[in-house]
Amino acid sequence: TNKGGTTRSQLSSLTGGSFLLENNLDLTYHLVAQTYFDSQDSRTDYVPEPFARDGFIHCTDGADEMARTANRYYQSNAAPHYYLYIDKAKVRAPIRYDAAPRIYPHIYGALNREAIIAVRPAKRKADGTFLPPEAFKESSIIALRLYRDFRLLWTGQLLSQIGTQMQMVAINWHIYNLTHSPVMLGLTGLMRIVPIIVFSLFGGVVADAHDRRRLMLITQTLMLIFAAMLGLATNAGIISAYIIYAMAAMTAATGAFDGPARQALAPNLVDKKHLTNAMSLNNINMQVASIMGPMLAGFVIAWLGVGAVYWINALSFLAVIAALLLMRTPTQKNLGVAKVNLDSLTEGIKFVFSTKIITATMLLDFIATFFSSASALLPIFAQDILHVGPEGLGILYGAESVGAVIAGIAIARKGNVKRQGAVLLAAIASYGLATALYGASQLFALSFFFLALLGASDTVSTILRNTIRQLATPDHLRGRMTSVNMIFFQGGPQLGNLEAGVVAAMFGAPFSVISGGVATVMAVGLVAWLAPQLRNYIGQ
């Protein structure tokens, strides 16, 4: 800590990540003595006179020219220096250039700190000459670092999703222990999917017509109440399968309103150039929760009982509620344009099915989850084909999440993906291929690898599908678009599990999985041929 501020903390935050210097970013470089930089208050702008006298060396466009300028003036000065990367578009003071070759901009006034986008040590060769400033890539968590409200919502959602995943495991465990019936256990999935299909379209209309943040405050509060009622009924000893079904159905119905509002909210919180990064972080959020939630649920059930899981989930909703209350960003533009009526509903449906690139991504979503439902038959593969028992089954269940987390981190580090349409098609084709190879494998290690590849491919396609759809949809229609997609997204896996089971019963589990993977690859080729808009889509 230095006088009046935390310059070293600021320097650490600026240098701890990396930055993508985009083609349209108007940069100038500065060379500043480290002693001067460290002596400054991190909250204070650079004022011209002492900056020029004590610390400011030169202001130069071009990394190579910056190094040449530094060598002309300060090669003999062995003291450490920093390169400052300045976004000229963010400089508040006037900027003027010398005469040709116009590479030495002069800032007439104070240099405001927010214009500094990166700080890095100025490296030298053995002879003392300065090396040019290095190129930077964008931080893999740039959306979290730049956007306070997105950071609040993301953190709240992580805690809440962990609680939700814990409750899903608890409900399945509770139902089976109460009924000892596989049929009753299977009904839990039906209780979750039917309300979503019934209410999601209406939920999308409401998400577009009303303030999405306020809508989420209502839905999150209701889901908190439903979880607390499960905990209360369990602790009171009056719990039954039908009470659990009722609470699960009511939670799913509420989620049909919460989902469109939540997914449509993200584009309002980040700049569109960082939307892919935000979608990647949201996917990582979901995958981390899907790993941690079931694991924690098992320990909590063993130590504290199933009722404690319901109470923990109820408390987890407070994290999202607090985030929503602390947010400052307006949740959507053109609020009030959409109305809650049949015309608004049909407007959303017409938009989705008249926008070929959106229809194509939803169709691909459904096809992939319908044909390539490898996870539905995992118990058969673990027991009868790989002979690895329940321990191996648990590892195989985690394989997709391992691949998904790795791919999510890679996409987040990559930032904006070029040729998004082609990459999306390749990712779904890879998903189908990995499914087919997993179905043909008889080695545990290979099966784990192909499932991880399947999870990675699915994550890449999910991130790009969501990004493409959000960018292609006007803000006032995003809730309704998301609600239509929920039917494809939720319906595909449920019908796919049924299809996989029927085919497996008739021809065997390996044939079911292999044929599903091959069908997915063929369907991707057909969609790519029929939808050139998607195939040629490069992103925004």
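Residues numbered from 1 in each chain as written. Predicted model: local features only at pLDDT ≥ 70, side-chain atom pairs only at ≥ 80, totals over all residues. Heavy atoms only, no water.

Some words on the overall build of the protein chain
Summing up its helical and strand segments, the protein chain has 20 helices and six strands in all. The buried share of the protein chain, reckoned over its 540 residues, is 52%. Contacts in the protein chain between residues at least 24 apart in sequence constitute 84% of all its contacts with a sequence separation of at least 6. Here the protein chain displays about 24200 Å² of accessible surface, and carbon together with sulfur accounts for 65% of that area. (Helix = DSSP H or I, 4+ residues; strand = E, 2+ residues; numbered from the N terminus. Buried < 20%, exposed > 50% of the residue type's maximum accessible area, 1.4 Å probe, protein only. Contact = heavy atoms within 4.5 Å. Areas by Shrake-Rupley, 256 points an atom, 1.4 Å probe, with all protein chains shown as cover.)

Things to note about the packing of aromatic side chains
Inspection of every chain in the model, using the stated rule, returns seven aromatic pairs. Summarising the aromatic geometry, the rings of Phe202 and Phe257 are spaced 5.7 Å apart at their centres and angled 90° between planes, so their arrangement reads as edge-to-face. Placement of Phe202 in helix α7 (residues 182-209) and of Phe257 in helix α9 (residues 241-269) is noted, with a sequence separation of 55 residues between them. The partly exposed category is assigned to Phe202, whose relative accessible area is 42%. The exposure class of Phe257 is buried, given its relative accessible area of 18%. (Phe/Tyr/Trp six-rings, centres within 6.5 Å; stacked < 30°, edge-to-face > 60°.)

Description of the pairing of strand β1 (residues 27-33)
Counting buried residues along β1, seven of its seven residues qualify, which places the element largely inside the surrounding structure. Side-chain alternation along β1 places Leu27, Tyr29, Leu31 and Ala33 on one buried face and Thr28, His30 and Val32 on a second face that is also buried. Here β1 runs beside strand β3 (residues 81-87); their pairing, made up of seven bridges, is antiparallel. Across the sheet, Val32 pairs through a bridge with Tyr82, a residue of β3. (Pairing = 2+ DSSP bridges.)

Notes on the pattern of salt bridges
Using the criterion set out here, one finds nine salt bridges in the structure. As a salt-bridge pair, Asp258 and Arg262 come within 3.2 Å of each other at their nearest N and O atoms. Of this pair, Asp258 and Arg262 both sit in helix α9, separated by four residues, roughly a single helical turn. Classification of Arg262 by relative accessible area gives partly exposed; the value is 24%. Through salt bridges that share partners, Glu65, Arg68 and Arg72 make up one connected network. (Salt bridge = Lys/Arg side-chain N within 4 Å of Asp/Glu carboxyl O.)

Here's the deal with the packing of helix α16 (residues 420-440) against helix α17 (residues 444-472)
Contact geometry of α16 with α17 gives a least axis separation of 8 Å together with a crossing angle of 155°. Judged on the interaxial angle alone, α17 and α16 are roughly antiparallel. Here the hand of the crossing between α16 and α17 comes out left-handed. Of the residues that constitute the contact of α16 with α17, the class distribution is 15 nonpolar, seven polar and two charged. (Axes fitted to C-alpha atoms, helices over the stretch in contact; angles between N-to-C directions. Parallel < 35°, antiparallel > 145°, perpendicular 65-115°, else oblique. Left-handed = near helix turned anticlockwise from the far one by under 90°. Nonpolar A, V, L, I, M, F, W, Y, C, P; charged D, E, K, R; others polar.)

Observations regarding the confidence of the model for the protein chain
For the protein chain, per-residue confidence averages 80 on the pLDDT scale, and 85% of positions sit at 70 or higher. Low pLDDT (under 50) marks residues 1-24, which in the prediction has 60 contacts with non-local residues, meaning those over four places away or in another chain. (pLDDT = per-residue confidence, 0-100.)

Considerations on unusual backbone geometry
Of note, His387 is a non-glycine position whose phi angle comes to about 55°, a positive value. By the element assignment, His387 lies in the loop between α14 (378-385) and α15 (389-414).

Here we look at empty space enclosed by the protein
The full count for this structure, using the stated rule, is one cavity of 30 Å³ or more. Size it by volume and the largest cavity reaches roughly 30 Å³. Considering the residues around the largest cavity, the lining is formed by Gln263, Asn466, Arg469, Gln470, Met481, Thr482 and Asn485. Elements that contribute at least two residues to the lining of the largest cavity include exactly α17 and α18 (478-507). Taken together, the residues of the lining of the largest cavity break down into one nonpolar, five polar and one charged. (1 Å grid on protein atoms, 1.4 Å probe; cavity = no way out; pocket = protein on both sides within 12 Å on 5 of 7 lines; lining within 4 Å. Points joined across faces, edges and corners; volume = space filled by probe spheres on them.)

Some remarks on the nonpolar core
Residues Phe150, Val270 and Leu534 are the most contacted members of the largest nonpolar core, which totals 97 residues. If one sorts the elements of this core by residue count, α9 sits on top with ten residues. Those residues in contact with Val270 that sit more than four places away from it in its chain are Ala143, Tyr147, Phe150, Leu275 and Ala278. Ranked by size, the runner-up nonpolar core spans 14 residues in total, among them Tyr46, Tyr82, Ala93 and Ala115. (Core = buried A, V, L, I, M, F, W, Y, C linked by side-chain atoms within 4.5 Å.)

Observations regarding helix α6 (residues 148-179)
When the terminal C-alpha atoms of α6 are compared, their 47 Å separation across 32 residues agrees well with the 46 Å that a helix rising 1.5 Å per residue should span. Looking one or two residues beyond α6, the residue adopting positive phi is His180, at roughly 55°. (Expected span 1.5 Å × (residues − 1).)

Description of the pairing of β3
For β3, the buried fraction is high: seven of the seven residues fall into the buried class. As paired elements, β3 and strand β6 (residues 116-121) share five bridges and run antiparallel to each other. Paired with Tyr85 across the strands is Ala118, a residue of β6.

Examining the packing of α6 against helix α10 (residues 275-304)
Where α6 meets α10, the closest approach of the two axes is 7 Å, and the angle between their N-to-C directions is 40°. Accordingly, the angle class assigned to the pair α6 and α10 is oblique. Crossing geometry of α6 relative to α10 is assigned as right-handed. Of the residues belonging to the contact of α6 with α10, the class tally is 18 nonpolar, seven polar and no charged.

Focus: the side chain of Arg465
By the element assignment, Arg465 lies in helix α17. Judged by its relative accessible area of 2%, Arg465 is buried. Apart from the residues within four sequence positions on either side, Arg465 is in contact with Thr361, Asp365, Leu424, Ile428 and Asp458.

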